[in-house]
Amino acid sequence: MIWAMKYCSYGIDFTDEGFYLVWLSNPFLYDISASQFGFIYHPLYVALGGNIAELRQANILINFGLGWVLVCVFLVSLAPEVRESRLVLNTVAAGIGTSTIVILNTWLPTPNYNGLAFQSLLVTCIGLIWAERNCGIKSLFGWGIIGLGGWLTFMAKPSTASALGIVVLVFLVASRKFSFRPFLLTLATAVGLLLLSALLIDGSVSGFVERIFLGVDAGRMMGGGHTVSQMLRIDSFRLRTPGKRAILLMLVIVSLAMIWASSRRPGAAITSFILSAIFLAVTAVLALGMVHKTTGLGEYEGILILGVALPAAFTGLLLGKLSPLKSLSTPHWAMAVLFVVIPYIYAFGTNRNYWQNAVWVGIFWLLSGMTLLGPVMRERLTLSFMLPLTLATQATTAVLLNRGLEQPQRQDQPLRLNESVVEIGTQRSNLILSPTFAAYLADAKAVARSGGFRPHTPLIDLSGRSPGVLYALGAESIGQAWTIGGYPGSLALAEAALKRVSCEKIAVAWVLFEPDGPNSIPTEVMPALGAAFPGNYRRVGTWQAAEGIGGFDGRRTQELYEPIRSAEVLESCRSLRSGT
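Residues numbered from 1 in each chain as written. Predicted model: local features only at pLDDT ≥ 70, side-chain atom pairs only at ≥ 80, totals over all residues. Heavy atoms only, no water.

Caption draft 1: A look at the overall build of the protein. Regarding its fold elements, the protein presents 25 helices and seven strands. Its C-alpha radius of gyration of 26 Å places the protein within 12% of the 25 Å reference for a compact globule of 580 residues. When burial is assessed residue by residue, the protein has 56% of its 580 residues classed as buried. Summed over its atoms, the accessible surface of the protein is roughly 23300 Å², and 63% of this surface lies on carbon and sulfur atoms. For the protein, the separation between the mean place of its 43 positive charges and that of its 33 negative charges on side chains is 12 Å. (Helix = DSSP H or I, 4+ residues; strand = E, 2+ residues; numbered from the N terminus. Rg over C-alpha atoms; globule rule 2.2 N^0.38 Å. Buried < 20%, exposed > 50% of the residue type's maximum accessible area, 1.4 Å probe, protein only. Areas by Shrake-Rupley, 256 points an atom, 1.4 Å probe, with all protein chains shown as cover. Lys, Arg positive; Asp, Glu negative; His and termini not counted. Charge placed at Lys NZ, Arg CZ, Asp CG, Glu CD.)

Shown next as structure tokens:
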């Protein structure tokens with residue numbers, strides 16, 4: 001945890017993370033959004049004074065805390081007897097809870113919609129474990145938490161929320177937990193929070209509904225693979241042979257270590273201790289920076305989490321002598337199936353390969369495998385035999401986190417090599433960047449400053465890939481938090497979003513342009529707004545974009561333009577919109 005927290009002040013992805021920061025800093029600026037994560041995290045952003053490193057650290061702590069609680073609650077539900085040894089219970093729960101860090105496998109630690117969806121699913125599962133048919137205080141608290149989780153999931157990703165709603169209802173029926181009266185509490189909580197959100201965000205339910213429908217329509221317009229037919233799919237993955245061998249090796253070693261840890265023979269216990277020490281050593285050498293090599297298993301490396309999920313299930317069957325197949329209750333079987341499905345629910349709706357996203361929340365697969373350990377826990381009245389599994393989970397997490405730190409998404413070098421401290425945004429938050437990224441921002445800020453650009457000035461981003469630069473300059477990104485390029489409908493979406501911006505802002509907005517950029521928005525969008533580009537503007541300077549920005553090789557020129565005929569643009573914009 002300390003290792004992950006340390007690097008929260010290192011690096012930035014100028015595309016995705018730039019978008020997250022623009023959206024978090026001023027979500028009320030935009031009236032179109034399918035995900036409302038910006039509104040959820042905005043209070044945290046304000047409370048931390050816009051400090052990016054602290055914002056990332058808070059995000060990691062929230063994930064870890066929820067993971068710790070979920071594992072603890074689930075273990076107690078499997079074997080209430082383990083509460084007698086709270087130290088061991090919390091040690092195992094906290095250790096396995098660190099697997100929530102796997103979501104940082106690509107190093108995007110800034111709060112975002114994927115992270116909120118993960119946190120929402122953790123919350124929902126805690127509620128599902130506590131919820132019962134009765135109306136006791138604990139049970140009602142669980143039903144209320146389910147509603148809270150459902151609301152948060154909707155605010156994060158409506159696609160995930162729709163899938164979660166169906167699966168949760170099936171789970172409640174299958175586990176024989178469903179009861180109409182407490183279920184009303186779940187609905188009342190979710191609906192009440194949605195109504196409150198609508199009033200706080202848009203001032204009315206109709207405005208909130210319009211925001212969401214426009215956001216969904218924007219996704220369809222962009223052509224990014226977010227239609228219903230494109231979301232309903234089963235993706236495949238290809239794990240390289242070394243990855244398969246690693247999972248098989250983990251299956252054997254972790255299973256043996258757990259079996260020998262439960263043995264009364266001194267030799268078996270010593271061997272289990274040695275194997276556990278190996279896992280601890282792997283975590284230590286990575287966390288202490290003694291080794292920097294990655295596995296090289298590619299984009300599906302996260303599947304390694306199965307290397308601890310499968311041993312949990314296998315050991316449960318062996319130690320329990322197949323008794324888990326008979327003695328586990330219906331709710332526990334239903335929960336095991338739910339945990340298997342949840343990573344798919346989490347990934348549902350993304351235009352990436354579902355397996356690439358699902359592995360980020362592999363803690364649910366691990367919990368599913370641990371279900372078969374329930375009878376063993378009840379028989380032994382302790383969780384001490386699970387310490388090898390806990391250490392193996394941490395070692396696997398360390399391996400996957402190391403990949404994110406060594407190969408951060410769309411950055412040009414490992415984070416440990418960064419050494420240039422740069423102030424980002426109007427909040428003057430410090431980040432430690434690579435020399436090339438730091439020079440990129442320094443050049444952009446110098447050009448903007450010398451050209452007379454002031455913070456909070458509206459800016460139209462035609463580069464298609466630079467929301468992070470806009471955030472660093474303190475600009476007001478109008479139209480969209482990220483005017484994203486590179487998709488079939490990028491031009492149409494940019495035009496539609498900018499037409500919702502007032503003519504007064506359009507008239508005084510500066511323009512960031514990247515000639516021949518890989519994701520540049522065509523300049524045809526400007527005449528549609530009433531602004532002739534570049535005729536109505538003066539180029540105040542240029543700089544070279546750093547290699548790797550947006551995932552593209554090569555350095556390209558970016559240009560900053562100042563409006564010089566704002567009155568003409570204002571008149572032309574008003575004429576176009578009035579149809580005269």
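Here the narrative resumes, following the displayed structure.
Caption draft 2: Expanded view of the sheet that holds strand E4 (residues 476-477). Sheet architecture is open: five strands sit in the order E4-E3-E5-E7-E6, paired in mixed fashion. Strand pairing shows two members of the sheet lacking a second neighbour, E4 and strand E6 (537-544), which therefore form its edges. Of the pairings in the sheet, the one linking strand E3 (residues 458-461) to strand E5 (residues 510-513) comprises three bridges and is parallel in character. The residue of E5 that forms the bridge with Ile460 is Val511. Its contacts with the sheet put helix H21 (residues 435-450) on E6 and strand E7 (557-563), and the angle it makes with E6 is roughly 160°. (Pairing = 2+ DSSP bridges. Contact = heavy atoms within 4.5 Å. Axes fitted to C-alpha atoms, helices over the stretch in contact; angles between N-to-C directions.)

Caption draft 3: Highlighting the packing of helix H6 (residues 113-130) against helix H7 (residues 137-156). Packing of H6 against H7 brings their axes to within 7 Å, and their N-to-C directions diverge by 160°. By the angle class used here, H6 and H7 are roughly antiparallel. Crossing of H6 against H7: the hand is left-handed. (Parallel < 35°, antiparallel > 145°, perpendicular 65-115°, else oblique. Left-handed = near helix turned anticlockwise from the far one by under 90°.)

Caption draft 4: Representation of the state of the cysteines within the structure. The tally for this structure, following the rule as stated, stands at one disulfide. The disulfide partner of Cys503 is Cys573, and the gap between their sulfur atoms is 2.1 Å. Between Cys503 and Cys573 the disulfide shows an S-S torsion of about -75°. By sign, it is left-handed. Here the residue Cys503 occupies a position in helix H24 (residues 503-508), and Cys573 occupies one in helix H25 (residues 566-578), the gap between them amounting to 70 residues. For Cys72, which is in no disulfide, the shortest distance to another cysteine sulfur is to Cys125 and amounts to 15 Å. (Disulfide = S-S within 2.5 Å.)

Caption draft 5: Seen up close, helix H9 (residues 180-202). In this model, H9 (23 residues) spans 32 Å end to end at C-alpha, consistent with the 33 Å of a helix rising 1.5 Å per residue. Considering only its buried residues, H9 is in contact with helix H3 (37-47), H7, helix H8 (158-174) and helix H10 (205-222). Gly203 lies just past H9 and shows a positive phi near 80°. (Expected span 1.5 Å × (residues − 1).)

Caption draft 6: Just the pairing of strand E1 (residues 420-424), in detail. Across the two faces of E1 the burial differs, with Ser420, Val422 and Ile424 buried and Val421 and Glu423 not buried at all. Sheet topology note: the E1/strand E2 (residues 429-433) ladder contains five bridges and is antiparallel. In the strand pairing of E2, Val422 is matched with Leu431. Linking E1 to E2, which pair antiparallel, is a turn of four residues; within it Gly425 sits at a positive phi near 75°.

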